[in-house]
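# Structural overview for review
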Amino acid sequence: MSIKEKLIEALAKKENDINSFVWRGKKSEVDGKLTQNEVKMVDCSVQELQGFYKHCESMLYNDNRENPGRYMLLEIITEQRDKCNTELFLRWLSEEKNTSKYAFLTSLKEFLNNNPQINPKESTISVAVGGCPREYCDLTIDMVLSGCLDTLGYFSRQHITLTFLLKQGLWFTPEESKKMAKENVSDKLEYAMTYLGLKSTNNLRISPKGLSLAQMQSMVTLRGKKYSELTTLQLETLRNRILFSLENEVRFHIQQWENRERQIKLVLKSKGVE
């Protein structure tokens, strides 16, 4: 057996070693420090394990939009990205085609009246708009109609925490670096922390994968507003970067919760419960 095969076998054994499975409880603050209780799953009763499994199911599948499970959150993120894109599409119409929301709504309504076979909830805007930029082609006509009527609703940043934003990292554009050079800035990170209104305890790092200073500021200052009230930079940063990053993080959380369920099932099986 090769070293690689031995390593794979060892990892597989570890993944199925019920004695190594640990359940971690809620984090709590003790003397200013975050702590988290841990308990070996094999030491738990069947009732406790079933309670853990129920919690996993809730974290994955809860359909309450105020406290969504991870799968519902993926749907919310997709919806938010589409709504950001819809508002950007309407701004493109205004800036590039000199077409107001009212003017486009009127022509779109006329198009639908003349083509009753088209279902606005299923058909995309590219059916009605020739030369539509690729990034907008998949928006449904129904979503665009909502944008024209300013009924896309309210953008909630409930799941976009400051910690999540700062994890994205920061990378200065040439223009931002040039501006700081003119101002004789010696410590770019310290300058950014002050500019963004962050505390010394906030963990912000410089990374070539990070947001620009302008993008970071647009996200740090982001508040719950109607989609039509968000700045173009906020809409673009959400659509192009932040919501995709959030989606990746949620998918990672899904893998973790599903693995916990798998572990609980194995421990329950060892206790004679299928």
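Definitions and limits used
Numbering of residues begins from 1 in every chain and follows the order in which that chain's sequence is written. In view of the model being predicted, local features appear only for residues whose pLDDT reaches at least 70, and side-chain atom pairs are presented and counted only at 80 or more, with totals across whole chains, interfaces and linings using the full set of residues. For the side-chain quantities, the full set of heavy atoms in the structure was used; hydrogens and water were omitted. For our purposes a nonpolar core is just a set of buried Ala, Val, Leu, Ile, Met, Phe, Trp, Tyr and Cys residues, chained together by side-chain atoms within 4.5 Å. To sort residues, take the accessible area from a 1.4 Å probe on protein chains only and compare it with the maximum for the residue type: under 20% means buried, over 50% means exposed, and anything in between is partly exposed. Any pair of residues with heavy atoms lying within 4.5 Å of one another is described as a contacting pair. To qualify as a helix, a DSSP run of H or I must reach at least 4 residues; to qualify as a strand, a run of E must reach at least 2; elements of each kind are numbered from the N terminus. Between N-to-C directions, angles span 0 to 180 degrees; the directions come from axes that are lines fitted to C-alpha atoms, helices contributing only their stretch in contact. For classification purposes, an angle smaller than 35 degrees is called roughly parallel, one larger than 145 roughly antiparallel, one from 65 to 115 roughly perpendicular, and anything else oblique. Each crossing gets its hand from how the near helix is turned against the far one by less than a right angle, where anticlockwise is left-handed and clockwise is right-handed. For this scheme, ten residues count as nonpolar: Ala, Val, Leu, Ile, Met, Phe, Trp, Tyr, Cys and Pro. Four count as charged, namely Asp, Glu, Lys and Arg, and the remainder, Gly too, count as polar. Salt bridges are counted wherever a side-chain nitrogen of Lys or Arg sits within 4 Å of a carboxyl oxygen of Asp or Glu. Expected helix span is given by 1.5 Å per residue-to-residue step, counting one fewer step than there are residues. Bend at a given residue is defined as the angle between two axes, one fitted to the seven residues that end at that position and one fitted to the seven that begin there. Any two rings among Phe, Tyr and Trp, with Trp reduced to its six-membered ring, count as a pair given centres within 6.5 Å; such a pair is stacked if its planes are under 30 degrees apart, edge-to-face if over 60, and tilted if neither. Disulfides are defined in this document as cysteine sulfur pairs within 2.5 Å.

## Some points on the nonpolar core
Ranked by size, the top nonpolar core spans 68 residues in total, and within it Phe89, Phe104, Ile125, Val144, Ile160 and Leu238 carry the most contacts. Excluding residues within four positions of it along the chain, Phe104 makes contact with Phe89, Leu90, Leu93, Thr99, Ile125, Val129, Val144 and Cys148.

## As for unusual backbone geometry
Even without glycine at this site, Asn98 takes up a positive phi of about 55 degrees. Here Asn98 is to be found in the loop between helix H3 (70–96) and helix H4 (101–114). Classification of Asn98 as exposed rests on a relative accessible area of 70%. Unusually for a residue other than glycine, Asp150 sits at a positive phi of about 60 degrees. By the secondary structure assignment, Asp150 is in the loop between helix H5 (141–148) and strand E3 (154–155).

## Considering the packing of helix H2 (residues 46–61) against helix H10 (residues 232–270)
The geometry of H2 relative to H10 is characterised by a closest axis approach of 10 Å and an angle of 155 degrees between their N-to-C directions. With respect to H10, the axis of H2 lies roughly antiparallel. Pair H2 / H10 crosses with left-handed handedness. Here H2 contributes Val46, Leu49, Gln50, Phe52, Tyr53, His55, Cys56, Glu57, Met59, Leu60 and Tyr61 to the contact with H10, which in turn contributes Ile254, Trp257, Glu258, Arg260, Glu261, Ile264, Lys265, Val267 and Leu268. A breakdown of the residues in the contact of H2 with H10 according to their chemical character gives 13 nonpolar, 2 polar and 5 charged.

## Focus on the pattern of salt bridges
All chains considered together, the criterion is met by 12 salt bridges. When the shortest N-O distance is used, the salt bridge between Lys226 and Asp150 registers 2.9 Å. Of this pair, Lys226 sits in strand E4 (residues 225–226) while Asp150 sits in the loop between H5 and E3, and the two are 76 residues apart along the sequence. On the accessibility criterion, Asp150 (32% relative accessible area) is partly exposed. In this structure, Glu247 and Arg251 form a salt bridge, with 3.3 Å as the shortest nitrogen-oxygen distance. Placement of both Glu247 and Arg251 in helix H10 is noted, with a separation of 4 residues, approximately one turn of the helix. With a relative accessible area of 14%, Glu247 lands in the buried category. Overall, the relative accessible area of 43% leaves Arg251 in the partly exposed class. Here the residues in one salt-bridge network are Arg65, Glu79 and Lys83, joined through shared partners.

## Remarks on H10
Helix length check: H10 (39 residues) gives 56 Å between terminal C-alpha atoms against 57 Å at 1.5 Å per residue, within 8%. At Leu238, H10 is deflected by roughly 50 degrees, the largest bend along its length. Just downstream of H10, Gly272 is the residue with a positive phi angle, here 85 degrees.

## A closer look at the environment of Glu236
Within the secondary structure, Glu236 is located in helix H10. On the basis of relative accessibility, which here comes to 33%, the residue Glu236 falls in the partly exposed class. Spatially, the C-alpha atom of Glu236 lies 37 Å from that of Glu261, the residues being 25 residues apart in sequence. Not counting residues within four places of it along the chain, the set of residues in contact with Glu236 comprises Leu88 and Arg241.

## Here's the deal with the packing of aromatic side chains
A full pass over the atoms with the stated rule returns 9 aromatic pairs. Ring geometry for Tyr61 versus Tyr71: centroids 5.4 Å apart, planes at 10 degrees, classification stacked. Placement of Tyr61 in helix H2 and of Tyr71 in helix H3 is noted, with a sequence separation of 10 residues between them. On the basis of relative accessibility, which here comes to 44%, the residue Tyr61 falls in the partly exposed class. Accessibility expressed as a relative area gives 31% for Tyr71, which makes it partly exposed. Taken together, a centroid distance of 6.1 Å and an interplanar angle of 10 degrees make the contact between Tyr191 and Tyr195 stacked.

## Describing the state of the cysteines
Throughout the structure, instances matching the rule amount to 0 disulfides. You can see Cys148 has no disulfide; the closest cysteine sulfur is in Cys132, sitting 12 Å from it. Judged by relative accessible area, which is 10%, Cys148 ranks as buried.

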